[in-house]
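Each chain, written out:
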Amino acid sequence: MNKSTEWLIEHYRTIGSTGAGTVCGENPYMSRREYWQIMRAAHEGRVVETALNDDMRRGILTEPLHLQLLDQATGKEVVQHDQDEFIYNPAYPWAHTLPDGWIDWEGKTVPVQLKCPRARNWNRLRLEGIKGFWLLGCQHSIAITDSEMEYFSVLNPETMQLLHYPVERDDELIVQLMDIERHFFDLVRKGEEPEDDTDKPELPEINGEMVTLDTEEAKEAAAALREARQLRKDADDLEKLAKDRVKRLMGNAYVAQLPGIRAYQIQMPGRVTLDKKAMERDGIDISKYEKQGKPYITFRVYETED
C-alpha cells in the first residue's frame, strides 16, 4: 500500500476510525503518545514513516475475497469506497473516516467496515462481541457519516469464516468519544503531548555485566519469544472467556454435556495449610524445619523500548 506524502498528511491531520480507539487508549498496537507524534508531524507537513506490518498487509491482500464472501453471506452487493475520498463532517472538524465500502441495509445506505485480524482476535470477537477498540471505530464512522449504523464484518484468515452484523448507533457513546477526540486534537494543535496510556515495566537493577546482542539472530530470537509470550497470553485469555461462557450456560448444574465436551462444576473442600504466624506465637521455631535448596539461575524476560 504505497500512499503519497499528500495522502498520508491528510490522513493524519485529523482523527480517523482507527485513531478513535487509539486516542481513547484502547489500541493494543499504538499508544496515545505515538499517535500524537504522527499527527503532530502531519500538522507540520511531515510524515512519520510507519512500516507496513503483517496485520495491515493481511487486511489489504484479503479485502477482495472478503468483499466477495460478504456479498454471498448477505445476498447484497457491497460497493467499495474510494480510499482517496476522505469523508468529513462539519460538526466534527477534527475527524474524518474512510469506510471500506457501502451496503444497502433495510432501505438505507450505510458504511461497511472490513477487518481481517489474527485468528485469536477473531475468536475473541466471536466470544465477546464487538467492544473496545473496534466498537469505538464503528461509532466514529457512524458519527462522521451521520448514519444509523455501520455494517461490521470480520474475516477469519485461517477458516475463511465471517462474523458480520450491523452495529447500531450509540449517541451517548458518540458524545463521549467526540469530546475525547476534540480534546486530543487540541493537544496536537497546541503541540502539547498527552499522557501516555501504557504502563512501563520497572526493570530489576543490573547486578553484574550486561551484554548487548544486536545481530540478526538475536533480533529473530527476541521477536520469536515476544510473539510466543503474546500467543500464550491470548490463548489463556480466550480459554477463560470460553470457560466463563460455558459456566453461564450451565447455571447451577453439576455436569453438562456440550458438543464435544463435558463440563463439571464440583464443590471442593478448602486446602489445608500451616499457619506459620500461629506456630511462632505458640513458641515453635519454624527455622528448624526449613530446608535450603540448591542454588539455581532464574530466566526472566522484560519487554523494553528498543
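Residues numbered from 1 in each chain as written. Predicted model: local features only at pLDDT ≥ 70, side-chain atom pairs only at ≥ 80, totals over all residues. Heavy atoms only, no water.

### With respect to the overall build of the chain
Helix and strand counts for the chain come out as nine helices and seven strands. At 25 Å, the chain has a C-alpha radius of gyration far larger than the 19 Å of a compact globule built from 306 residues. Long-range contacts, defined as pairs at least 24 residues apart, comprise 66% of the intrachain contacts of the chain with a sequence gap of at least 6. Looking at the chain as shown, the accessible area adds up to about 21100 Å², and 50% of this sits on carbon and sulfur atoms. (Helix = DSSP H or I, 4+ residues; strand = E, 2+ residues; numbered from the N terminus. Rg over C-alpha atoms; globule rule 2.2 N^0.38 Å. Contact = heavy atoms within 4.5 Å. Areas by Shrake-Rupley, 256 points an atom, 1.4 Å probe, with all protein chains shown as cover.)

### Here's the deal with the packing of aromatic side chains
This model, assessed by the stated rule, comprises eight aromatic pairs. Aromatic side chains Tyr92 and Trp94 sit 5.9 Å apart centroid to centroid with 65° between the ring planes, which places their arrangement in the edge-to-face category. Classification of Tyr92 by relative accessible area gives buried; the value is 18%. With relative accessibility at 11%, the residue Trp94 sits in the buried group. With centroids separated by 5.9 Å and ring planes inclined at 80°, the aromatic side chains of Tyr254 and Tyr264 adopt a geometry described as edge-to-face. Note that Tyr254 is positioned in the loop between helix 8 (216-250) and strand 6 (255-258) and Tyr264 in strand 7 (residues 261-264), a separation of 10 residues in sequence. Through successive ring pairs, a cluster of aromatic residues spans Trp7, Phe86 and Tyr88. (Phe/Tyr/Trp six-rings, centres within 6.5 Å; stacked < 30°, edge-to-face > 60°. Buried < 20%, exposed > 50% of the residue type's maximum accessible area, 1.4 Å probe, protein only.)

### Digging into a negative patch on the surface
On the surface, a cluster of negative charge is made up of Glu10, Asp82, Asp84 and Glu85. The residue Glu85 is located in the loop between strand 1 (79-80) and strand 2 (101-105) in this model. (Patch = residues over 30% accessible without salt bridge, like charges linked within 9 Å, V, L, I, M, F, W, Y side chains within 5 Å. Salt bridge = Lys/Arg side-chain N within 4 Å of Asp/Glu carboxyl O. Lys, Arg positive; Asp, Glu negative; His and termini not counted. Charge placed at Lys NZ, Arg CZ, Asp CG, Glu CD.)

### A word on the side chain of Thr14
If you trace the backbone, Thr14 turns up in the loop between helix 1 (5-13) and helix 2 (17-23). Within the structure, Thr14 has its side chain in polar contact with the side chain of His96 (distance 2.8 Å). The residues touching Thr14, leaving out its near neighbours within four places in the chain, are Tyr35, Met39, Tyr88, Pro93, Trp94, Ala95, His96 and Phe185. (Polar contact = N/O pair within 3.5 Å; in protein donor to acceptor, adjacent residues only side chain to side chain.)

### Some remarks on the sheet that holds strand 1
Sheet architecture is open: five strands sit in the order 1-2-3-4-5, paired in mixed fashion. Two strands bound the open sheet, and with one partner strand each, they are strand 1 and strand 5 (162-168). With five bridges connecting them, strand 2 and strand 3 (residues 108-115) associate as antiparallel partners. Each bridged residue has a counterpart across the sheet, and for Ile103 the counterpart in strand 3 is Val110. Lying on the sheet, helix 5 (residues 119-128) is in contact with strand 4 (149-155) and strand 5; it crosses strand 5 at an angle near 50°. (Pairing = 2+ DSSP bridges. Axes fitted to C-alpha atoms, helices over the stretch in contact; angles between N-to-C directions.)

### Observations concerning a nonpolar patch on the surface
Residues Tyr254, Val255, Tyr264, Ile266 and Met268 make up a contiguous nonpolar surface patch of roughly 550 Å² in combined accessible area. Within the element layout of this structure, Met268 appears in the loop between strand 7 and helix 9 (276-281).

### Section: the environment of Met178
Along the chain, Met178 falls in helix 7 (residues 171-190). Here Met178 falls in the buried class, since its relative accessible area comes to 5%. For the pair Met178 and Gly129, spaced 49 residues apart in the sequence, the C-alpha separation amounts to 23 Å.

### So, empty space enclosed by the protein
Evaluated as defined, the whole model comprises one cavity of 30 Å³ or more. Of the pockets and cavities examined, the largest cavity occupies roughly 50 Å³. In this structure, the largest cavity is lined by Ser17, Thr18, Gln113, Lys115, Phe133, Trp134, Gly137 and Cys138. Those elements that place two or more of their residues in the lining of the largest cavity are helix 2, strand 3 and helix 6 (132-145). It is helix 6 that provides the largest number of residues to the lining of the largest cavity, a total of four residues. Of the residues in the lining of the largest cavity, the class split is three nonpolar, four polar and one charged. (1 Å grid on protein atoms, 1.4 Å probe; cavity = no way out; pocket = protein on both sides within 12 Å on 5 of 7 lines; lining within 4 Å. Points joined across faces, edges and corners; volume = space filled by probe spheres on them. Nonpolar A, V, L, I, M, F, W, Y, C, P; charged D, E, K, R; others polar.)

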